[in-house]
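Report on the structure
One-letter residues, chain by chain:
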Amino acid sequence: MLLLGIDIGTSSIKVSVVDADTKQVVVATQFPETERTIRSLQPGWAEQSPLQWWEDVKQAIAKANATKKYDPKNIRSIGIAYQMHGLVCIDKNKNVLRDSIIWCDSRAVSIGNKAFEQIGAANCLSHLLNSPGNFTASKLAWVKQYEPEIFAKIDTILLPGDYIAMQLTGERTTTISSLSEGIFWDFKNNQLSEEVLNYFGFDHSIIPAIKDTFSEHGKLLATVADELGLSPGIPIAYKAGDQPNNALSLNVLHPGEVAATAGTSGVIYGVSDQLTSDKQSRINSFAHVNHTASINSIGVLLCINGTGILNSWVKKMTGAASYQQMNDAAKKIQPGSEGLQIFPFGNGAERMLNNVAAGSSFQHINFNIHGPAHIFRAAQEGIAFAFRYGLDIMRENGMHPSIIKAGKANMFLSDVFTEAFVNATNTPVELYNCDGAVGAAIGGGIGAKIFSEKEAFAGNNLLQLVEPTNDNPYDELYEKWKDQLNTLLQTI
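Residues numbered from 1 in each chain as written. Predicted model: local features only at pLDDT ≥ 70, side-chain atom pairs only at ≥ 80, totals over all residues. Heavy atoms only, no water.

**Overview of the environment of D162**
- Looking at where D162 falls in the secondary structure, it is placed in helix 6 (residues 160-169).
- Separated by 12 residues in the primary sequence, D162 and T174 have C-alpha atoms spaced 6.0 Å apart.
- Each residue touching D162, except ones within four places of it in the same chain, is listed here: T173, T174, S178 and K239.
- At a separation of 3.0 Å, a polar atom in the side chain of D162 contacts the side chain of T174. (Helix = DSSP H or I, 4+ residues; strand = E, 2+ residues; numbered from the N terminus. Contact = heavy atoms within 4.5 Å. Polar contact = N/O pair within 3.5 Å; in protein donor to acceptor, adjacent residues only side chain to side chain.)

**What to know about the nonpolar core**
- Residues I268, F345, M352, F412, F417, F421 and W481 are the most contacted members of the largest nonpolar core, which totals 53 residues.
- Those residues in contact with F421 that sit more than four places away from it in its chain are A260, I268, A384, F387, I404, F412 and V429. (Core = buried A, V, L, I, M, F, W, Y, C linked by side-chain atoms within 4.5 Å. Buried < 20%, exposed > 50% of the residue type's maximum accessible area, 1.4 Å probe, protein only.)

**Describing helix 11 (residues 308-318)**
- Along helix 11, the positions that sit buried rather than exposed are G308, L310, N311, S312 and V314.
- Elements that come into contact with the buried residues of helix 11 comprise helix 12 (323-331), strand 18 (341-345), strand 19 (359-363) and helix 13 (372-396).
- A positive backbone phi angle near 75° is found at G319, which sits one or two residues after helix 11.

**Observations concerning unusual backbone geometry**
- The omega torsion across F31 and P32 is -5°, close enough to zero to call that bond cis.
- Residue placement: P32 occurs in the loop between strand 3 (25-31) and strand 4 (47-48).
- Residues other than glycine seldom take positive phi values, yet N354 does so here, at roughly 60°.
- Its location among the elements puts N354 in the loop between strand 18 and strand 19.
- Although it is not a glycine, H364 adopts a positive phi angle of roughly 70°.

**Considerations on the sheet that holds strand 3**
- In spatial order, the strands read 3-2-1-5-13; together these 5 strands make up an open sheet with mixed pairing. Each edge of the sheet is formed by a strand with only one pairing partner; in this case those strands are strand 3 and strand 13 (236-241). Pairs of neighbouring strands in the sheet enclose a mean axial angle of 15°, with direction left out of account.
- Docked against the sheet, helix 10 (residues 242-249) engages strand 5 (75-82) and strand 13, running at close to 110° with respect to strand 13.
- Its contacts with the sheet place helix 15 (residues 436-447) against strand 1 (2-8), strand 2 (13-19), strand 3, strand 5 and strand 13, and it is angled at close to 130° to strand 1. (Pairing = 2+ DSSP bridges. Axes fitted to C-alpha atoms, helices over the stretch in contact; angles between N-to-C directions.)

Written out as structure tokens, the structure reads:
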């Protein structure tokens, strides 16, 4: 018996086929091989085409099937992970009305800030656990204000994973976890937020049917099954945002457990059993995958928009042949990059900086000293320092991880970054062989009741434990970096 996991990332679609008995990956593919672009019509805007996501999903599944390493007809459930906070607007015929306004888009910041003030900070933080910020509800309010002709045609709004599930099943559903990340969920009253809907003037009917995360979100349509080479009627049994899903894949499900990821964006994600919120909404609290009406399971999320995207930009700008080449060169440079400092905040407004779009910058470049290898190292150190800055905010809010779990993927493939992360945060990291598509497949297995939550992680073996070094220069380096950041922020 096989499980199919689909991860709708910003850069590409990843697909994994997992053996339900052994929990081992049979095939893992992605499409496209090169990174999909983000469409930015104006500074601070970020859009992608949902139709392109769907085409890429089909291509990724076809690519997996083409390996001939498994029989597609043996797939028994599908799970979906997706980039969080995106807005997909569809009409009554399930047609997409505009490109998706995705997670790193910051056009609605002022709309969300005004809502935070007028609904009331105390009300927002106690009921929504967040400011409306530039999340999905505020993005929809932007459409209502600036594209009224499109808003008038909206029948339903969906998150990216909801949209792909609709394409697979014809059904429009969502989850409490998804609604909470869009800032539509009232945690105190355990229902859709009347304050948010009334304030923005949204009708209840635009919200799709609400299902449990681990449940059937529809069955695979016969026409779609035929196109994908799969069996009709397979349940889509799990949907979750990429960060809750990453935590699931690492078996981070209980209070006090913490996960991290460093892809296009960077995240530290801790689980709490309290309805917790940051007074400035610099970190955010959403319903975790196992949150229910009777048991609080809250994912406390630090998000840094500009992380791996900085590393990708550096690779393009320097013409480096590969990330491995960059990492090898960076290893030859001493910690601190001989004074070069890089700030990774060039991918929209950063929540942990109070929604300031600080931009990326390079500081203290010396033309006689610094070369590409220094830039490679300084970029990775700058990303690690951004994580430390955010983790300190989480510590202010009562989360003190003794260990952080991460998949050995993306930035954590780099020894330089991993060393800088561990030493800058002064927190050990456990690395596992997992990714978003595998987590989605496992989630689908739980949702389809193929195995229990406990059984799901039987094969989740530790690959590597990385601990802070005794001779750690990163505390001092971080303080210098933070001082320079604070100086920069004062000029904005």
